[in-house]
Amino acid sequence: MGTAMLGVAFATGVLAGKRYPSIFFGASKSSKTVIGKDSPLWQYILDHSLREHPLLKKLRLLTLDHPWGRIMVSCDQAQFMANLAKLIKAKKVIEIGVFTGYNTLNMALILPDNGRVVACDINEDYVNIGKPLWKEAGVEHKIDLRIKPASETLEELLAAGEAETYDFAFIDADKESSNEYYEKCLRLVRKGGIIAIDNVLWSGKVLNPRKDDLATQSIHLLNEKLLRDARVNISMIPMGDGVTFAFKL
Ligand SMILES: C[S@@+](CC[C@H](N)C(=O)[O-])C[C@H]1O[C@@H](n2cnc3c(N)ncnc32)[C@H](O)[C@@H]1O
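Report follows, based on the coordinates. (Residues numbered from 1 in each chain as written. Predicted model: local features only at pLDDT ≥ 70, side-chain atom pairs only at ≥ 80, totals over all residues.)

With that settled, consider the pairing of strand β2 (residues 116-121). β2 sits mainly inside the fold: five of its six residues count as buried. With five bridges joining them, strand β1 (residues 92-96) and β2 adopt parallel strand pairing. Among the inter-strand pairings, Val93 is bridged to a residue of β2, identified as Val117. Handedness of the β-α-β unit built from β1, helix α5 (residues 102-110) and β2 comes out right-handed. Across five bridges, β2 lies against strand β3 (residues 143-147) in parallel orientation. Looking at β3, one finds that Val118 is bridged to Asp144. (Buried ≥ 20, exposed ≤ 12 C-beta atoms within 10 Å, placed from the backbone. Helix = DSSP H or I, 4+ residues; strand = E, 2+ residues; numbered from the N terminus. Pairing = 2+ DSSP bridges. Right-handed = clockwise from strand over helix to strand, strands pointing away.)

In structure tokens form, the structure reads like this:
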């Protein structure tokens, strides 16, 4: 699949081929996790750690019915991110790639009443699936939804003088742009803030990135850059499809 296709494909909901073709352990055709979602270990993890808000569960089940439901963030990963955000007393969060809004809701739920999630996506149809649940949860007022390319929204935040004011950013949209999103988020996030970058293992494709696979190339290059990036401390975690946490120094 051509890289330019990803954004278009997300926008239209029409994708040829499989986006998350395989997993490392366990057997699952559609899993976005390194431990297959058919694996008993996956179930064990959820049974022994997931404390999901009832409306998050409702949105997760609703999203799983969607043809592209499998691109939703992994629920254990979302919970971990919420715990990190709480730990650093986050008030301002950026979500790049909303889809049906599972993680947007997840973050809005843990933010104080005057907290804000700037939620970036290009596809309003996806977002509209989850929006009623944001309202039902009583957190709609904390969500600032921007339907336009995320790079534009990030530029707008910078132009509005919001550099160094965000606490947490989650990068989970078109993978070819992750480096650009990372650089902009690094300017927007304060020292001690956290940037989480999703899909850093890309179903294992990073082990052998094909030259014509720009998404995998972009992910791999960013992974290599992050290893040497003195502006942050990092941890790459085999959770979901792999997530790197960059802690701004
Ligand atoms: C993997 S999904 C996000 C999942 C979401 N974080 C969650 O909690 O389930 C990727 C999303 O990125 C969006 N997207 C793709 N290209 C984009 C762009 N250039 N700007 C903003 N959003 C984009 C797609 O429409 C899609 O909804």
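We now examine unusual backbone geometry. Even without being a glycine, Lys89 presents a positive backbone phi close to 55 degrees. By the element assignment, Lys89 lies in the loop between α4 (75-87) and β1. The backbone of Trp202 shows a phi angle near 45 degrees, a positive value even though the residue is not glycine. Note on placement: Trp202 falls in the loop between β5 (189-198) and α9 (214-227).

The subject of this paragraph is the sheet that holds β3. Within the open sheet, the seven strands sit side by side as β3-β2-β1-β4-β5-β7-β6. Their pairing is mixed. Single-partner strands in this sheet number two, and they are β3 and β6 (232-237). When the angles between neighbouring strand axes are averaged without regard to direction, this sheet yields 15 degrees. Where strand β4 (residues 166-171) meets β5, five bridges bridge the pair, whose relative direction is parallel. By the bridge assignment, Tyr166 is partnered in β5 with Val189. Packed on one face of the sheet, α4 meets β1, β4, β5 and β7 (243-248) and runs near 165 degrees to β4. Here helix α8 (residues 178-188) sits on the sheet in contact with β1, β4, β5 and β7, set at roughly 160 degrees to β5. (Axes fitted to C-alpha atoms, helices over the stretch in contact; angles between N-to-C directions. Contact = placed C-beta atoms within 7 Å.)

Moving on, we get to the nonpolar core. Counting 57 residues, the largest nonpolar core has Val93, Ile96, Ala169, Ile171, Cys185 and Ile195 as the members making the most contacts within it. Excluding residues that lie within four positions of it along the chain, Ala169 makes contacts with Ile94, Ile96, Cys185, Leu188, Val189 and Ile195. (Core = buried A, V, L, I, M, F, W, Y, C linked by C-beta atoms within 7 Å.)

Glancing now at α8. Every buried residue of α8 is listed here: Ser178, Tyr181, Tyr182, Lys184, Cys185 and Leu188. Looking at the buried positions of α8, the neighbouring elements they touch are β1, α7 (150-159), β4, β5 and α9.

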